[in-house]
Amino acid sequence: MTYDKNNIFAKILRGEIPCKKIYEDEYVLAFYDINPQKKIHALVVSKGEYVNLDDFSSKASDKEISGLIKGISLVAKKIGVSDEVKGGGYRSLVNIGENGGQEVPHLHFHIFGGEKVGKMVS
Ligand code: AMP
């Protein structure tokens, strides 16, 4: 799997393109989606150069894997959609490859919330 260093999220990670940043640590950068599909729509992007979840699962270190998973929950809390808050709850999903509908070839999880997110697959 070849990683394209010119994908849009790689450019955001390098600071070449701006984003509405929510959170950043050693493992993830999180920002709001430019074209929100729900009231709240955030993206949690791996800091490492991975094309998708399969690439990440096979190459990333355990620290990177736990950092990304923890990052999703942390970001959900930061944007107020965590299940711990009243009226909270959210959906996180990752698209993988062509049939999965992945547009940007750099691993990222979506977080949808702020309202009922509806049917799981349409
Ligand atoms: P996916 O289809 O899973 O690859 O999702 C890619 C997501 O990235 C889409 O929801 C886009 O709206 C979003 N996106 C594309 N470019 C940007 C950008 N410059 N800033 C924020 N989100 C973006």
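No experiment lies behind these values; they were computed from the predicted model shown.

A. Focus on the nonpolar core. Among the nonpolar cores identified, the biggest contains 18 residues, and Ile22, Val44, Leu68, Val75, Ile79 and Ile111 are the most heavily contacted of them. Elements supplying a minimum of two residues to this core: strand 1 (21-24), strand 2 (28-32), strand 3 (40-46), helix 3 (62-78) and strand 5 (108-113). The element best represented in this core is helix 3, accounting for four residues. Among residues more than four places away in sequence, those in contact with isoleucine 111 are Ile40, His41, Ala42, Val44, Ile72, Val75, Ala76, Ile79, Val81, Tyr90, Arg91 and Ser92. Grouped together as the second largest cluster of nonpolar side chains are seven residues, Phe9, Ile12, Leu29 and Leu43 included.

B. Focus on the sheet that holds strand 5. Sheet architecture is open: five strands sit in the order 1-2-3-5-4, paired in antiparallel fashion. The open sheet has two edge strands with one neighbour each: strand 1 and strand 4 (90-93). Averaged over all pairs of adjacent strands, the angle between their axes in this sheet comes to 20°, without regard to strand direction. As judged from the four bridges shared by strand 4 and strand 5, these two strands associate in the antiparallel manner. For serine 92, the partnering residue across the bridge sits in strand 5 and is isoleucine 111.

C. Region of interest: the site of the ligand. Asp33, Asn95, Glu103, Val104 and His110 are the nearest of the 17 residues found near the ligand. A distance of 2.7 Å separates an oxygen atom of the ligand from a polar atom in the backbone of glutamate 103. Histidine 110 places a side-chain nitrogen or oxygen 2.8 Å from an oxygen atom of the ligand. Across the complex, the protein chains shield 86% of the 510 Å² of accessible surface that the ligand would expose by itself. When atom positions are compared with the pocket grids, the ligand is found to occupy the largest pocket. Put simply, the parts of the chain that give the shell around the ligand at least two residues each are helix 1 (8-13), strand 2, strand 3 and strand 5. Element by element, the count of residues in the shell around the ligand is highest for helix 1, at three residues. Of the residues contributing to the shell around the ligand, the split by class is eight nonpolar, seven polar and two charged.

Analysis parameters
Residues numbered from 1 in each chain as written. Predicted model: local features only at pLDDT ≥ 70, side-chain atom pairs only at ≥ 80, totals over all residues. Heavy atoms only, no water. Core = buried A, V, L, I, M, F, W, Y, C linked by side-chain atoms within 4.5 Å. Buried < 20%, exposed > 50% of the residue type's maximum accessible area, 1.4 Å probe, protein only. Helix = DSSP H or I, 4+ residues; strand = E, 2+ residues; numbered from the N terminus. Contact = heavy atoms within 4.5 Å. Pairing = 2+ DSSP bridges. Axes fitted to C-alpha atoms, helices over the stretch in contact; angles between N-to-C directions. Near = heavy atom within 4 Å. Polar contact = N/O pair within 3.5 Å; in protein donor to acceptor, adjacent residues only side chain to side chain. Areas by Shrake-Rupley, 256 points an atom, 1.4 Å probe, with all protein chains shown as cover. 1 Å grid on protein atoms, 1.4 Å probe; cavity = no way out; pocket = protein on both sides within 12 Å on 5 of 7 lines; lining within 4 Å. Sits in = over half its atoms within 2 Å of the grid points. Nonpolar A, V, L, I, M, F, W, Y, C, P; charged D, E, K, R; others polar.

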